[in-house]
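Structure at a glance
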Amino acid sequence: MRTSIATVCLSGTLEEKLLACAKAGFDGVEIFEQDLLVSPMSPEEVKAMADRLGLSLDLFQPFRDYEGVTEEQLQANLHRAEAKFQLMQRLGIDLMLLCSNVGTATINDDDLFVDQIRQLSDLAAQYDVRIAYEALAWGKFVDTYQHSWDIVKRVDRANVGICIDSFHILSRGDDPAEIATIPGEKIFFVQLADAPVLTMDILSWSRHYRLFPGQGGFALDQFMAELVRSGYDGIISLEIFNDVFRQSNVERTAVDGLRSLQWLESKTAQLLSSTGEQYALELKMLPGIQDATGFDFAEIRTEDPERVAGMLAQLGFNFSGQHRRKPVQLWSSGEAKIIINSQRSRGVEAAVSGFGVLVPDPGTSAQRGEALLATKVPRQQTHNEQELSGFLAPDSTEVFFSSRANTRNWVQEFEDAGPAPTTDANGPILSIDHINLAQPWQCFDESVLFYSSVLNLKARPGTEVPSPMGLVRSQVLSTQDAGVRLALNIVPQGLENVIERNHEYPEHVALRTNDIIEVARTARARGMEFLQVPANYYEDLAARFDIDSQLLETLKSLHLLYDRDEAGEFLHFYTKTLGNMFLEVVERRSSYDGYGAPNAPVRLASQFESNRWSRNM
Ligand SMILES: O=C(O)c1ccc(O)c(O)c1
Ligand SMILES: [Mg+2]
């Protein structure tokens, strides 16, 4: 599948955009006119640069507000078109995108549209230019792909076809099935965009909130399947108008974009392979999709390993050894393994720096990560150490793949665990339930795509949590059976203004137990510092739930939080924050599958109060 991207998706100058697209590995780009207009490079220089970079210039766009106008206006429009055809010749581009008229059209008459587009076709033919007619969702008279196709059919010229843009079709809730009935060779260009499910006017939604495929709520694999059925075998391009991407690192955004196309290509191939249909577009499948079965470990980086170790011991973890070569400790309880790493930790009080997941075949997951352009974690092993493949997530979290066999090996690199542990050998903590990672606001969408494509996690419905620092957007991603759960929280943009630098948004590892009251009591007896929960919260609990008064007293005295839904009950507590990290302990009763969302504002406010208090000491 040949890939392209519109220059409007990216930040920077035209030169920087071209460099980033080539470096990421795109085959070509769409030149968005505005980017050329403001560039000091001449059209010839742009062409030469693209040639040198091995990028094809696939499309010139947009040509606006052409058809459905008075005769006088038409002449002016043809004059404008001719200048652009000459410009396209200098750029070496032979395909122009014509958007359906949104402004100057005054005559609603398909016969007139056909006639006027034929005049454009005649002029374009003199310059060997082809026209791809795109129905904008907010077009004045032409706003569906069926309508633009009907007009193109009636124009009946070899150099006029349609442009299909997923946003204009799916934003309206239109059915893409009829795309399959259009002859593939009359589809001159394809633009893809995803978008979050929002209820707002389509123009603003399109101009500010488009996303790369896989980052929003559109079923783009089904859309692609219809396109493939048409026989289309041309370029698949990205056209994303997004306020955040336009101010993010251009190279990262380009990689993010290409990753989205590779992921979508593979998903479409998979969807079509089950139907056994034959098609012209060549679709590559990524190396095997495997669901992770659980967390292998969580890693905490700290310059103060004894304090982190102390917290773990209070929760009933056992010291399982010191790494034989590195300043790294292993602590475990049940299936839960926590690595305390004090390498490269100067100035880091404590932070969640990475985690490992268990997969049947780590080699395949590593290949998949590489194919998806993920950055490898540089790790040095000696010859007798277990190698783990790891990738850097967009938020800099290190993500590793291992198998049960790998785990048996790496665990043996930890020695001198000392005398038998004093606590129950199995430990009261059973496993890592979930990991919560703070996302800088610029990389939230990139992270969603990274975790869903590289780790094969599924995004669940998101929530928004009010906090004293701002509204925190929260997105859970998990495997099909929820063996691996991640919660991504976007840090509010204004955070730096409210909180001093050394109190950045904390991240946490949540640990699962079947007896949280016992864990909390024992931890308290061992001197654990809990996150304090205000009395108002317990009054509200009593009002919302028919809750046993003795249980309520216990919850209150131990600073436990509580939630209940049709599936079951959820009890949890938080430790005091250490640096940028804290721990949570959770008990899921019956089939409760959530994360205590109603309690999240209480946690954020309490953490804010407690951080402020410790700052003022
Ligand atoms: O928002 C616009 O004007 C616009 C322009 C060109 C496109 O291809 C498009 O999909 C939208
Ligand atoms: Mg478009």
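Residues numbered from 1 in each chain as written. Chains lettered and ligands numbered in written order. Predicted model: local features only at pLDDT ≥ 70, side-chain atom pairs only at ≥ 80, totals over all residues. Heavy atoms only, no water.

1. A look at the overall build of the chain
Note the following rule: Put simply, DSSP H or I for four residues or longer makes a helix, DSSP E for two residues or longer makes a strand, and each gets a number counted from the N terminus. As defined in this context, the radius of gyration uses C-alpha atoms, and a globule is described by 2.2 Å times the residue total to the power 0.38. Only protein chains enter the accessibility calculation, which uses a 1.4 Å probe. A residue is then buried if its area is under 20% of the maximum for its type, exposed if over 50%, and partly exposed in between. The contact definition used throughout considers only heavy atoms, calling two residues in contact when any of these lie within 4.5 Å. Computed with the Shrake-Rupley method and a 1.4 Å probe, the accessible areas treat only the protein chains shown as cover for residues. We count Lys and Arg on the positive side and Asp and Glu on the negative side, and we leave His and both chain ends out. Where a charge sits is defined by one atom per residue type, namely NZ (Lys), CZ (Arg), CG (Asp) or CD (Glu).
Looking only at helices and strands, the chain has 19 helices and 26 strands in total. Relative to a compact globule of 617 residues, whose C-alpha radius of gyration would be 25 Å, the chain shows 28 Å and is just as compact. The buried share of the chain, taken over its 617 residues, is 57%. Counting contacts in the chain only where the partners sit at least 6 residues apart, residues at least 24 apart contribute 75% of the total. Per element, the accessible surface of the chain, about 25,600 Å² overall, is 47% carbon and sulfur. Seen as two clouds, the 56 positive and the 86 negative side-chain charges of the chain have centres 4 Å apart.

2. What about the packing of helix α1 (residues 14–24) against helix α3 (residues 43–53)?
This is how it is decided: Only the stretch in contact is used when a helix axis is fitted, and all axes are lines through C-alpha atoms; the angle between N-to-C directions ranges over 0 to 180 degrees. Note on terminology: angles under 35 degrees are roughly parallel, angles over 145 are roughly antiparallel, angles of 65 to 115 are roughly perpendicular, and the others are oblique. Crossing handedness is read from the near helix: turned anticlockwise from the far helix by less than a right angle, it gives a left-handed crossing, and turned clockwise, a right-handed one. As a working rule, the residues Ala, Val, Leu, Ile, Met, Phe, Trp, Tyr, Cys and Pro are called nonpolar, Asp, Glu, Lys and Arg charged, and the rest polar, with Gly in that last group.
Where α1 contacts α3, the axes come no closer than 10 Å and their chain directions differ by 20°. On the basis of the axis angle, α1 is roughly parallel to α3. The two elements α1 and α3 meet at a crossing, and its hand is right-handed. Contacts between α1 and α3 involve Leu-14, Glu-15, Leu-18, Leu-19 and Ala-22 from the former and Val-46, Met-49 and Leu-53 from the latter. Broken down by class, the residue content of the contact of α1 with α3 amounts to 7 nonpolar, no polar and 1 charged.

3. Thoughts on the site of ligand 1
Test applied: One heavy atom within 4 Å of a molecule or strand makes the whole residue count as near it. Nitrogen and oxygen atoms within 3.5 Å of one another constitute a polar contact, given that in protein one can donate a hydrogen and the other can accept it, and given that sequence-neighbouring residues count only through two side-chain atoms.
By nearness alone, 15 residues border ligand 1, and Arg-64, Glu-134, His-168, Arg-207 and Glu-239 come closest of all. Here an oxygen atom of ligand 1 sits 2.6 Å away from a polar atom, N or O, in the side chain of His-168. A distance of 3.2 Å separates an oxygen atom of ligand 1 from a polar side-chain atom of Arg-210. Surface burial for ligand 1 is 100%, taken as the share of its 290 Å² of free accessible area covered by protein chains. Every element with two or more residues in the shell around ligand 1 is listed here: β3 (56–63) and β4 (95–99). Here the shell around ligand 1 is composed, by residue class, of 6 nonpolar, 3 polar and 6 charged.

4. Description of the coordination of the magnesium ion (ligand 2)
How we decide: Any N, O or S atom lying within 2.8 Å of the metal counts as a donor, with the limit raised to 3.2 Å for Na, K and Ca; because water is left out of the atom set, some sites can appear incomplete. When four donors show all angles between 85 and 135 degrees the site is tetrahedral, when four or six donors have opposite pairs over 155 degrees and all other angles between 65 and 115 it is square planar or octahedral respectively, and in every other case it is irregular.
At the metal site, the magnesium ion (ligand 2) is ligated by Glu-134 (OE), Asp-165 (OD), Gln-191 (OE1) and Glu-239 (OE), and these contacts range over 2.1 Å. Its 6 donor atoms give the magnesium ion (ligand 2) angles of 77 to 176° at the centre, a pattern that matches the octahedral case. In the primary structure, the donors to the magnesium ion (ligand 2) are separated according to the pattern E-x30-D-x25-Q-x47-E. Here the residue Glu-134 occupies a position in strand β5 (residues 130–134), and Asp-165 occupies one in strand β6 (residues 160–165), the gap between them amounting to 31 residues. A residue is classified by how much of its surface remains accessible, and Glu-134, at 2% relative accessible area, is buried. Looking at Asp-165, the relative accessible area reads 2%, which means it is buried.

5. Side note on the pairing of strand β24 (residues 561–565)
Convention followed: Strands are labelled as partners when DSSP assigns at least two bridges between them.
Pairing of β24 with strand β25 (residues 568–574) involves 5 bridges; the strand directions are antiparallel. Across the sheet, residue Arg-564 finds its bridge partner in β25, namely Glu-569. Once β24 ends, the chain turns through 2 residues before running back antiparallel as β25.

6. With respect to the nonpolar core
What counts is decided by this rule: Think of a nonpolar core as a cluster: buried Ala, Val, Leu, Ile, Met, Phe, Trp, Tyr and Cys residues, connected wherever their side-chain atoms sit within 4.5 Å.
In terms of nonpolar packing, the biggest core is built from 177 residues, with Phe-26, Phe-85, Ile-236, Leu-315, Phe-355, Ile-435 and Tyr-451 touching the most fellow members. Here the element with the most residues in this core is helix α10 (residues 250–273); it accounts for 8 residues. Not counting residues within four places of it along the chain, the set of residues in contact with Phe-355 comprises Phe-295, Phe-297, Ala-298, Thr-397, Glu-398, Val-399, Phe-400, Ile-435, Leu-437, Tyr-451, Leu-455 and Leu-486.

7. Considering the side chain of Asn-77
Within the fold, Asn-77 resides in helix α4 (residues 71–91). A polar atom in the side chain of Asn-77 sits 3.0 Å from the backbone oxygen of Tyr-66. Look past the residues within four positions of Asn-77 in its chain and what remains in contact with it is Phe-63, Asp-65, Tyr-66 and Val-69.

8. Observations regarding empty space enclosed by the protein
Put simply, the rule reads: Points on a 1 Å grid over protein atoms alone make up a cavity when a 1.4 Å probe fits among them but cannot get out, and a pocket when they form an open set with protein on both sides within 12 Å along at least five of seven lines; lining residues each have an atom within 4 Å of a point. Grid points are joined across faces, edges and corners, and a volume is the space filled by probe spheres set on the points.
One pass over the structure, following the stated rule, counts 4 cavities of 30 Å³ or more. In this structure, the largest cavity is lined by 16 residues; those nearest its centre are Lys-326, Ile-339, Arg-379, Glu-413 and Phe-414. For the lining of the largest cavity, the per-class residue count stands at 6 nonpolar, 5 polar and 5 charged.

9. What about the environment of Glu-226?
The residue Glu-226 is located in helix α9 (residues 220–229) in this model. The spatial distance from the C-alpha of Glu-226 to the C-alpha of Ala-48 is 36 Å, given a sequence separation of 178 residues. Residue contacts for Glu-226: discarding those within four places in its chain leaves Pro-176, Ala-177, Ile-179 and Ala-180.

10. Some details on the sheet that holds strand β14 (residues 375–376)
Spatially, β14-β15-β16-β13-β9-β12-β11-β10-β17 is the arrangement adopted by the 9 strands of the open sheet, whose pairing is mixed. Each edge of the open sheet is held by one strand with a lone partner, namely β14 and β17 (414–415). Sheet analysis places strand β15 (residues 389–392) next to strand β16 (residues 398–402), joined by 4 bridges and oriented antiparallel. Within the sheet, the bridge partner assigned to Ser-389 lies in β16 and is Phe-401.

11. Brief notes about the sheet that holds strand β2 (residues 28–32)
Strand order in the closed barrel formed by 8 strands is β1-β2-β3-β4-β5-β6-β7-β8, and the pairing between neighbours is parallel. Averaged over all pairs of adjacent strands, the angle between their axes in this sheet comes to 30°, without regard to strand direction. With 3 bridges joining them, strand β1 (residues 3–6) and strand β8 (residues 236–238) adopt parallel strand pairing. Looking at β8, one finds that Ser-4 is bridged to Ser-237. Where α4 meets the sheet, its contacts fall on β3, β4 and β5, and the angle it forms with β3 comes to roughly 165°.

12. With respect to the side chain of Thr-364
With respect to the element layout, Thr-364 can be found in helix α12 (residues 362–371). Within the local environment of Thr-364, its side chain forms a polar contact with the side chain of Asp-361, the two groups lying 2.4 Å apart. With sequence-adjacent residues up to four places away left out, Thr-364 is seen in contact with Pro-287, Gly-288 and Gln-290.

13. Structural notes on the pattern of salt bridges
This is how it is decided: The salt bridge definition used is simple: a Lys or Arg side-chain nitrogen within 4 Å of an Asp or Glu carboxyl oxygen.
Scanning the model with the defined rule gives 25 salt bridges in all. Residue Arg-154 pairs with Asp-111 through a salt bridge whose shortest N-O separation is 2.3 Å. In this pair, Arg-154 is assigned in helix α6 (residues 145–155) and Asp-111 in helix α5 (residues 110–126), connecting sequence segments 43 residues apart. Asp-593 is the partner of Arg-485 in a salt bridge, and the nearest nitrogen-oxygen pair spans 2.7 Å. Here Asp-593 lies in the loop between β26 (581–590) and α19 (600–616) and Arg-485 lies in strand β22 (residues 485–490), a separation of 108 residues in the sequence. On the accessibility criterion, Arg-485 (6% relative accessible area) is buried. Among the ionic contacts, a cluster of salt bridges with common partners joins Asp-143, Arg-172 and Asp-174.

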